[in-house]
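Tertiary structure, described
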There are 2 protein chains.
Amino acid sequence: MPKRGKKKEEEEESGGDGTGPSPAKAARACPAPPYEDPPPREATPEGRRWTLKVSSWNVDGLRAWLRKGGAQWVQEEAPDVLCLQETKCAAAAVPAEVRALPGLPHQFWCSAKDRPGYSGVGLLARSEPLDVTYGIGDPEHDADGRVLTAEFPSLFVVCAYVPNAGRGLVRLEPRLRFDAAFLQFLRRLDARKPVLLCGDLNVAHADIDLCHPRANRASPGFTPQERDGFSRLLAAGFVDSFRHLYPAARGAFTFWTYLGGARARNVGWRLDYAVVSQRLLGALCDSKIRNTVPGSDHCPITALLAV
Amino acid sequence: MPKRGKKKEEEEESGGDGTGPSPAKAARACPAPPYEDPPPREATPEGRRWTLKVSSWNVDGLRAWLRKGGAQWVQEEAPDVLCLQETKCAAAAVPAEVRALPGLPHQFWCSAKDRPGYSGVGLLARSEPLDVTYGIGDPEHDADGRVLTAEFPSLFVVCAYVPNAGRGLVRLEPRLRFDAAFLQFLRRLDARKPVLLCGDLNVAHADIDLCHPRANRASPGFTPQERDGFSRLLAAGFVDSFRHLYPAARGAFTFWTYLGGARARNVGWRLDYAVVSQRLLGALCDSKIRNTVPGSDHCPITALLAV
DNA sequence: CCTTTCACG
DNA sequence: CGTGCAAGG
């Protein structure tokens with residue numbers, strides 16, 4: 001029964017955990033050392049201090065994440081809005097400790113229909129949103145529990161868990177359809193108010209955004225089509241806040257597969273983003289990658305805005 | 001999603017983990033304190049010292065049992081034959097540490113066909129058996145991986161994992177058919193050589209053999225039909241070695257459900273037996289219940305014979 | 001409560 | 001490697 005056999009270093013650098021043609025190789029560390037998240041820029045270049053802190057985390061199972069102390073970090077970070085992805089947890093099963101998270105009384109949960117334990121997102125907020133919507137208005141994708149949108153007075157916060165293209169890219173086509181539909185959804189929001197999109201977008205945009213770009217050219221999360229989807233997002237007037245502020249930062253990843261001890265060697269991918277409407281750039285103070293925080297195969301990220 | 005909700009003390013005293021009508025009640029300890037396994041009787045009443053030590057253990061998953069240190073105890077006990085039940089493990093997946101168990105080089109594994117992770121038995125021996133047979137020669141049951149028989153010069157050792165009647169007794173009928181077919185199988189063996197039957201027979205024979213007999217009159221493992229099956233075994237010339245030697249021993253259990261912390265309160269069942277052909281009684285030195293040994297929801301038992 | 005498998009990542 | 005599920009006990 002060598003199904004669970006240890007091939008060890010086979011797809012250690014594979015991002016969406018795909019079927020990349022990663023050749024077997026030794027457990028070497030990433031040439032780029034882990035990004036060191038600098039002390040926060042507390043204000044905009046014009047000197048306006050941040051007033052909104054939004055964190056995002058793919059928790060890979062809300063209940064397991066809670067057992068591993070994830071809620072602890074939330075209390076230390078004390079965000080005004082918290083976006084969670086891959087909760088794998090129906091709203092009714094959200095543990096009381098999460099419901100009672102100090103400072104985040106307004107909670108919204110969206111999970112996959114008829115698929116317990118799959119996907120799911122949550123949005124927790126200090127102040128009550130003006131409105132909250134579930135999904136992107138596309139029946140093909142909205143059964144999955146992937147998008148939550150909270151309207152606040154000055155902006156929309158969108159929490160998203162973009163579908164994985166799957167091993168062997170078996171679900172690349174639906175993924176690309178999601179990308180297109182999601183972009184239209186974001187454009188419509190952006191026409192009304194500026195948008196802050198946070199979440200696991202399941203793509204590394206450029207070579208600098210993953211440890212082994214060459215080996216993963218055909219891996220889910222780094223196919224040309226997925227990367228193009230992200231480029232189209234940028235072309236539509238949205239900005240990758242982290243890359244905008246730190247254009248040359250290397251080794252800045254937010255995901256490391258559990259396989260083969262990838263995280264210890266920083267064999268990672270940047271899949272989690274805080275993306276802002278261009279006209280929100282003047283309000284952007286900082287975009288943080290909390291890559292030392294344990295609790296999931298993703299780390300949390302945090303955006304600071306003066307809105 | 002209160003599927004995993006804590007009903008706590010609902011079927012804590014249910015044996016085969018059935019659907020007994022056990023009323024909800026406080027987590028009280030069993031009135032009978034845990035049986036204290038006395039120092040071994042090293043010889044028969046006639047003074048012949050034991051020459052054969054046979055242990056039996058329902059391991060509830062061979063690999064989990066190994067992780068919990070089960071093999072450690074085997075080395076301390078150093079049996080000549082070891083019978084394992086509920087290995088939940090195909091022969092090819094038996095870990096190397098088990099294959100290398102000192103003193104038990106002759107190993108035989110029988111697992112369920114087309115049902116990975118279900119049932120399964122193993123028989124390990126110091127000396128090579130003259131013959132080993134798989135199953136009982138009944139196609140209805142032999143796909144399950146429940147019986148291994150090893151022929152030695154002076155006796156047959158049968159390792160058995162009798163089918164559970166299932167929650168709500170949904171599989172009581174096949175269980176009773178197994179009992180009947182198995183008894184015929186044992187009679188045929190017994191006609192050739194004396195038999196030592198070891199294993200999880202999935203029945204508590206009498207009130208004294210479980211903590212809460214009244215509450216479990218309709219539970220799998222204590223229905224009148226299953227108890228009658230055991231009585232028929234005895235009527236056919238077989239002897240329950242433990243009860244023969246310790247007719248009044250109370251609180252002597254070999255199984256405690258994981259639910260509700262039953263083991264800590266000794267809310268248990270005696271489901272594991274060393275049964276001998278009557279003419280082997282003169283060779284019986286002792287029948288041990290190792291009820292302090294961890295590693296499974298069952299504890300191991302050991303028979304000592306002068307053969 | 002705890003094992004196994006499975007799909008998914 | 002690790003999540004949550006299902007079936008089994």
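Procedures and definitions
- Residues numbered from 1 in each chain as written.
- Chains lettered and ligands numbered in written order.
- Predicted model: local features only at pLDDT ≥ 70, side-chain atom pairs only at ≥ 80, totals over all residues.
- Heavy atoms only, no water.
- Buried < 20%, exposed > 50% of the residue type's maximum accessible area, 1.4 Å probe, protein only.
- Helix = DSSP H or I, 4+ residues; strand = E, 2+ residues; numbered from the N terminus.
- Arc of directions from axis to C-beta.
- Contact = heavy atoms within 4.5 Å.
- Disulfide = S-S within 2.5 Å.
- Near = heavy atom within 4 Å.
- Polar contact = N/O pair within 3.5 Å; in protein donor to acceptor, adjacent residues only side chain to side chain.
- UniProt positions renumbered as here; feature names shortened; annotations may be inferred.

Focus: helix 2 (residues 70-77) of chain B
All names here are of chain B. Those residues of helix 2 not exposed but buried are Gly-70, Ala-71, Trp-73, Val-74 and Glu-77. Each buried residue of helix 2 lies within a common arc of 155 degrees when the element is viewed along its axis, so the set occupies one face. Every exposed residue of helix 2 that faces more than 90 degrees away from the buried side is listed here: Gln-72 and Glu-76. Buried residues along helix 2 sit in contact with strand 1 (52-58), helix 1 (62-67), strand 2 (81-85) and strand 12 (301-305).

Notes on the environment of Arg-187 of chain B
All names here are of chain B. Along the chain, the position of Arg-187 falls in helix 5 (residues 172-190). The spacing of Arg-187 and Ala-236 is 49 residues in sequence and 7.6 Å in space, taken between C-alpha atoms. In this view, Arg-187 contacts Ala-236 and Phe-238; residues no more than four positions away in its chain are not counted.

Side note on the state of the cysteines
Applying the stated rule across the entire model yields 2 disulfides over all chains. Sulfur-sulfur distance for the disulfide between Cys-30 of chain A and Cys-211 of chain A comes to 2.5 Å. As the torsion about the S-S bond is roughly 125 degrees, the Cys-30 of chain A-Cys-211 of chain A disulfide counts as right-handed. Separated by 181 residues along the polypeptide, Cys-30 of chain A in the segment before strand 1 (52-58) and Cys-211 of chain A in the loop between strand 8 (195-200) and helix 6 (224-235) bring together distant segments of the chain. The closest cysteine sulfur to the non-disulfide-bonded Cys-285 of chain A is located on Cys-198 of chain A, 14 Å from its own sulfur. You can see Cys-299 of chain B has no disulfide; the closest cysteine sulfur is in Cys-198 of chain B, sitting 13 Å from it.

As for the protein's contact with DNA strand D
Contacts to DNA strand D come from 21 residues, most closely from Ala-64 and Tyr-258 of chain A together with Tyr-118, Arg-167 and Arg-171 of chain B. Within the side chain of Lys-88 of chain A, a nitrogen or oxygen atom sits 3.4 Å from a base oxygen of DNA strand D. Take Arg-171 of chain B: an N or O atom from its side chain is 2.3 Å from a phosphate oxygen of DNA strand D. It is helix 1 (residues 62-67) of chain A that provides the largest number of residues to the surface near DNA strand D, a total of 3 residues.

So, the UniProt feature "site: Interaction with DNA substrate" (unreviewed entry) in chain A
Residues and elements named next belong to chain A. Per the UniProt record, "site: Interaction with DNA substrate" (unreviewed entry) is found at His-298. Turning to its location among the elements, His-298 is positioned in the loop between strand 11 (284-289) and strand 12 (301-305). Taking the relative accessible area as the measure of exposure, His-298 reaches 3% and is therefore buried. Excluding residues within four positions of it along the chain, His-298 makes contact with Trp-57, Asn-58, Asp-200, Thr-254, Phe-255, Trp-256, Arg-263, Leu-271 and Asp-272. A polar contact of 2.8 Å, which involves the side chain of His-298, links it to the side chain of Asp-272.

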